[in-house]
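# Working through the structure, step by step
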Amino acid sequence: MAELAEVETFRKELRNKICGQKIRKVWIRGSSLVFRDFPKRKQLPNMVEGKVIMAVGRRCKYLLIGIDRNLTLVIHPGMTGNLFLRERIAKRDRHCHMELYFRNFKLTFRDHRMFGRIFVLRNKEFTCFPGFAFLGPEPLSKEFNENWLYEKLSTRRAPVKALLLDQKIACGVGNIYADEACFIARISPLRQGRDLKHQDIERLVRAIKYVLKEAIKRGGTTIRDYRNPNGKLGANRPLVYGRFGKGCLTCGEKIYRTKVGNRTTFYCPACQQ
DNA sequence: AGAAGAACCTGGTAGC
DNA sequence: TGCTACCAGGTTCTTC
């Protein structure tokens, strides 16, 4: 679920609700694997209880909750992680891993597959944190442009789809939007990176920005598990992802399904060259 | 260095 | 109905 557009939806929905709110109480599942990268997890409640949320940001697929002046609660939802705003008395089940209690509601992190990650960074640890150090530029920024992508793809033999999933190249792009971007740019996901011409890369950059903006506008894409913090489904509908055997929305040919870099990949063999 | 594949997890479902 | 095998939107490690 959680690609850039879904995490951005989390950010927008949460920002107005939790900014300025004091964290009254924290509950964490002690044995939960989502804290496996955070050795000091037992101290998490002590670190943040009684403190105020100052900002809600995002970098790539990481949600960043700024607490007081010098702490950031970092949440990576992984494949199935979700954040929910709920009544304080709402029951937690065995897939809940963390709850932040505010005055009138609580924020719950739920993840049944436990590929998600949660940890806390102090400001001075932030810049040297390895998870952020090598991420590429935000795809919706000016720095993510045809020059950047050409530089990253033009020497590579790997399929362009696999390269788009590399967070050092196109951070925030995941399996769905990589397929969608290739479809809109009319580029086969199987083509080698070094095989793309400048004009192909220009179309691809435009397509990546377009699919992400549209998905954010619609509150993300729900294939299976994704819900926004209020429990609503994402309203974005993929043009090619998940449409195996159905007619291409451009030319009517059947959509193919294959594997690229071990990931399920959908494309139209007629439109995408 | 870079490409490919497996591993990490659980739950849902297709097929028998 | 019940069992097994396989599949899933992310990341990271190992092997070649």
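Figured I'd write up the structure that's included with this text.

Reading the values: the criteria
Residues numbered from 1 in each chain as written. Chains lettered and ligands numbered in written order. Predicted model: local features only at pLDDT ≥ 70, side-chain atom pairs only at ≥ 80, totals over all residues. Heavy atoms only, no water. Pairing = 2+ DSSP bridges. Helix = DSSP H or I, 4+ residues; strand = E, 2+ residues; numbered from the N terminus. Axes fitted to C-alpha atoms, helices over the stretch in contact; angles between N-to-C directions. Contact = heavy atoms within 4.5 Å. Salt bridge = Lys/Arg side-chain N within 4 Å of Asp/Glu carboxyl O. Buried < 20%, exposed > 50% of the residue type's maximum accessible area, 1.4 Å probe, protein only. Left-handed = near helix turned anticlockwise from the far one by under 90°. Nonpolar A, V, L, I, M, F, W, Y, C, P; charged D, E, K, R; others polar. Near = heavy atom within 4 Å. Polar contact = N/O pair within 3.5 Å; in protein donor to acceptor, adjacent residues only side chain to side chain. Phe/Tyr/Trp six-rings, centres within 6.5 Å; stacked < 30°, edge-to-face > 60°. Lys NZ or Arg CZ within 6 Å of the ring centre and 35° of its normal.

### Quick notes on the sheet that holds strand E4 (residues 71–76)
Sheet strands line up and pair through hydrogen bonds in the backbone, either parallel or antiparallel. Read across the sheet, four strands follow the order E2-E3-E4-E8 without closing on themselves; strand pairing throughout is antiparallel. At either margin of the open sheet sits one strand with a lone partner, and together these are strand E2 (53–59) and strand E8 (117–122). The sheet shows a mean angle of 20° between the axes of neighbouring strands, direction not considered. When strand E3 (residues 62–67) meets E4, the two strands line up antiparallel, connected through five bridges. Within E4, the position partnered with Ile67 by the bridge is Leu71. Running at roughly 170° to E2, helix H1 (residues 4–18) makes contact with E2 and E3 of the sheet.

### Topic: the pattern of salt bridges
Within the structure shown, the criterion is met by 16 salt bridges. In this structure, Arg117 and Asp37 form a salt bridge, with 3.0 Å as the shortest nitrogen-oxygen distance. Taken as a pair, Arg117 in strand E8 and Asp37 in the loop between strand E1 (25–28) and helix H2 (44–48) lie far apart in primary sequence, 80 residues in all. Assessed through its relative accessible area of 46%, Asp37 is described here as partly exposed. Note that Glu214 and Lys217 form a salt bridge whose closest N and O atoms lie 3.0 Å from each other.

### Examining the sheet that holds strand E7 (residues 106–110)
If you trace the four strands from one edge of the open sheet to the other, you get E1-E6-E7-E5, paired in antiparallel fashion. The sheet is open, and its two edges are formed by E1 and strand E5 (82–86), each paired on a single side. If you compare each strand with its neighbour and ignore which way they point, the axes differ by 15° on average. The pairing of E5 with E7 spans five bridges and is classified as antiparallel. Bridge pairing in E7 links Arg86 to Lys106.

### Notes on the packing of helix H5 (residues 146–153) against helix H8 (residues 198–217)
Across the interface, H5 lies against H8 with an axial gap of 9 Å and an inter-helix angle of 120°. In this structure, H5 meets H8 at a crossing whose hand is right-handed. In contact with Glu146, Asn147, Leu149, Tyr150 and Leu153 of H5, H8 contributes His198, Ile201, Glu202, Leu204, Val205 and Ile208. A per-class count over the contact of H5 with H8 returns seven nonpolar, two polar and two charged.

### Observations concerning the protein's contact with DNA strand B
The local shell around DNA strand B holds 14 residues, among which Arg94, His95, Arg113, Arg156 and Arg157 are the closest. If you look at DNA strand B and keep only atoms within 4 Å of the protein, 67% of those are sugar or phosphate atoms. Separating a sugar or linking oxygen of DNA strand B from a backbone N or O atom of His112 is a distance of 3.2 Å. Arg157 is positioned such that a nitrogen or oxygen atom in its backbone is 2.7 Å from a phosphate oxygen of DNA strand B. Split into classes, the residues belonging to the surface near DNA strand B amount to five nonpolar, three polar and six charged.

### Some words on the packing of aromatic side chains
How two aromatic rings sit relative to each other is set out by the distance from centre to centre and by the angle between their planes. Under the criterion given, the structure shown has eight aromatic pairs. Centre to centre, the rings of Phe10 and Tyr226 are 5.7 Å apart; their planes meet at 55°, and the pair counts as tilted. Of the two residues, Phe10 is situated in helix H1 and Tyr226 in the loop between H8 and strand E9 (256–260); the sequence distance between them amounts to 216 residues. Assigned by exposure class, Phe10 and Tyr226 land together as buried. Taken together, the aromatic side chains of Tyr62, Phe119, Phe126, Phe129 and Phe132 make up a single cluster linked through ring pairs. Note that Lys25 overlies the ring of Tyr101, its terminal NZ or CZ placed 4.7 Å from the centroid. Sitting over the ring of Phe244, Arg257 keeps its end group 4.0 Å from the ring centre.

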